[in-house]
Amino acid sequence: KQKTAYEIPKRDWSSDVCSSDLRFPSHAGAMFNLGVLDMEDDRLEPAREWFGRVIAIAPDEADARLNLGIVLYKLAIYDDALEHLRRALEINPSLAQAHNARGNVYARGGRLRDARDAFRAALAIAPNLSVAHEGLASVCFALFEIGREPALADEVQQIGRANV
């Protein structure tokens, strides 16, 4: 007896059902969805491969570049992550999540002013993006604490009040 999609664990379903679409290498949508499923399950290497395959077929697919950038960030491959995020924003400058992801990469690399600018760019597009508020607050606080920009005390307080 064949199982229904509800009876098959998520990984089996994605492999069995979505992979059947991969007989045709141009099915970028199926590959993108497999990448998203792997990314949600923290299976970063397979997600990296799927998004890379999508980009090989459709180099101007901004969402695939965004997701690949996030995966590469999680894999600590920061230069490549920044390149894919830069390209995603070149294709679609209104991707708030790409600006936010750049902020995360910059912050991880100690480029706090660049991180601050990226989080601000994300918030200019999506003012309610909570992860960008958190990132901006963290970076502004770090800049204030290490004495690089004492004028940020007011901004840190405003961000804190806005997130209460």
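Throughout what follows, the structure given in this document is the object of discussion. (Residues numbered from 1 in each chain as written. Predicted model: local features only at pLDDT ≥ 70, side-chain atom pairs only at ≥ 80, totals over all residues. Heavy atoms only, no water.)

### Comments concerning the overall build of the chain
Per the secondary structure count, the chain includes nine helices and zero strands. Reading the helices (α) and strands (β) of the chain from amino to carboxyl end gives α-α-α-α-α-α-α-α-α. Long-range contacts, defined as pairs at least 24 residues apart, comprise 43% of the intrachain contacts of the chain with a sequence gap of at least 6. Here the chain displays about 9,200 Å² of accessible surface, and carbon together with sulfur accounts for 51% of that area. (Helix = DSSP H or I, 4+ residues; strand = E, 2+ residues; numbered from the N terminus. Contact = heavy atoms within 4.5 Å. Areas by Shrake-Rupley, 256 points an atom, 1.4 Å probe, with all protein chains shown as cover.)

### A word on the packing of aromatic side chains
Throughout the structure, instances matching the rule amount to two aromatic pairs. Consider the rings of phenylalanine 32 and phenylalanine 51, whose centres lie 5.6 Å apart with planes at 65°: the pair is edge-to-face. One end of the pair, phenylalanine 32, is in helix α2 (residues 28-40); the other, phenylalanine 51, is in helix α3 (residues 44-57), with 19 residues separating them in the sequence. Overall, phenylalanine 51 belongs to the buried group, its relative accessible area being 0%. Their ring planes at 50° and their centres at 6.0 Å tell us that tyrosine 73 and tyrosine 78 sit as a pair that is tilted. (Phe/Tyr/Trp six-rings, centres within 6.5 Å; stacked < 30°, edge-to-face > 60°. Buried < 20%, exposed > 50% of the residue type's maximum accessible area, 1.4 Å probe, protein only.)

### Side note on unusual backbone geometry
Unlike most non-glycine residues, aspartate 42 shows phi in positive territory, near 60°. Topologically, aspartate 42 is positioned in the loop between α2 and α3.

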